[in-house]
Each structure stands twice: as C-alpha cells, then as structure tokens.
Amino acid sequence: WSKRTPSTANAEADDLRATLFRHPHPRAATPDLFLCTNLAVFCWLLRRRGEASKKPQELVPALHVLGMAFLADAPEAWRSDMLQDF
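In this text, all values refer to a predicted model and were calculated from it rather than measured experimentally.

K.L.:
Quick question: what am I supposed to make of the pattern of salt bridges here?
P.N.:
Two side chains carrying opposite charge are able to pair once their charged atoms lie near each other. On inspection of all chains with the given rule, the structure shows 4 salt bridges. Put simply, Arg-27 and Asp-32 hold a salt bridge, and the shortest N to O gap is 2.8 Å. Taking relative accessible area as the criterion, Arg-27 reaches 41% and is therefore assigned partly exposed. Note that Asp-85 is salt-bridged to Arg-49, the shortest N-O span being 3.4 Å. Remark: Arg-49 occurs in the loop between α2 (40-48) and β2 (62-64) and Asp-85 occurs in helix α3 (residues 76-85); sequence separation between them is 36 residues. On the basis of relative accessibility, which here comes to 18%, the residue Arg-49 falls in the buried class. One network of salt bridges, with partners in common, ties together Arg-48, Arg-49 and Asp-85.

K.L.:
Looking at this structure, I do not really get the nonpolar core. What am I missing?
P.N.:
Nonpolar side chains in soluble globular proteins tend to be buried together. Of all hydrophobic cores here, the largest spans 10 residues; its members are Ala-9, Ala-13, Ala-40, Val-41, Trp-44, Leu-45, Phe-70, Ala-74, Trp-78 and Met-82. When contributions to this core are tallied by element, the ones reaching two or more residues are α1 (9-22), α2 and α3. Per element, the largest residue contribution to this core is 4 residues, and it comes from α2. Ranked by size, the runner-up nonpolar core spans 5 residues in total, among them Phe-34, Cys-43, Leu-46 and Val-60.

K.L.:
Can you walk me through the environment of Glu-12 in this structure?
P.N.:
Take Glu-12: it is sitting in helix α1. For the pair Glu-12 and Leu-46, spaced 34 residues apart in sequence, the C-alpha separation works out to 9.2 Å. At 3.1 Å, the side chain of Glu-12 and the side chain of Ser-7 are in polar contact.

K.L.:
What am I meant to see in the environment of His-64 here?
P.N.:
Locating His-64 in the fold gives a position in strand β2. We classify His-64 as partly exposed; its relative accessible area is 32%. Linking His-64 and Cys-36, residues 28 residues apart in sequence, is a C-alpha distance of 4.7 Å. Residues within four places of His-64 in sequence aside, it is in contact with Cys-36, Arg-47 and Phe-86.

Thresholds applied
- Residues numbered from 1 in each chain as written.
- Predicted model: local features only at pLDDT ≥ 70, side-chain atom pairs only at ≥ 80, totals over all residues.
- Heavy atoms only, no water.
- Salt bridge = Lys/Arg side-chain N within 4 Å of Asp/Glu carboxyl O.
- Buried < 20%, exposed > 50% of the residue type's maximum accessible area, 1.4 Å probe, protein only.
- Helix = DSSP H or I, 4+ residues; strand = E, 2+ residues; numbered from the N terminus.
- Core = buried A, V, L, I, M, F, W, Y, C linked by side-chain atoms within 4.5 Å.
- Polar contact = N/O pair within 3.5 Å; in protein donor to acceptor, adjacent residues only side chain to side chain.
- Contact = heavy atoms within 4.5 Å.

Written as structure tokens, this is what we have:
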C-alpha cells in the first residue's frame, strides 16, 4: 500500500483472496494453516474481512506470533479495527 491509497479493508481482502486463487499451486487458496507474523495485516484481511469472513466454516486456522511491528504495514484507517479483532 506504500505506492497507493488502499480501498476498504473488505475490498482489499477480496482482492487478496482472488490473487491466491490465481496462484499456480492448487492449494494456495486453501491452506491448512496461516502462520501470521509481523505482517498480520494479511492474515487479518484473509480471515476477518471480505466475503469469506461471512462463512465461518471456510475460515483457516491461524497461529499468530506478533512482534513490535504488528501494525507497521497496516494502513492507519484500519488499525483500530485490527486491534479490536485481536
């Protein structure tokens, strides 16, 4: 998001999910587990925002290992929503 202004979190989540479906590996869009580190914004988008977040049966489990840069890559407009979810 450094070179452009992000749209809504839901729209970004749906775009990210669509990108995973376009990946050449057949399991890219259906992982067994997300390992979320300091780039937790991507896990948050995939698990808590967008169309798939409305279908709890499709949620992928996640292991979160967060450090000091937890919110560094999250656009400021999304940070309060992220913190409420964690």
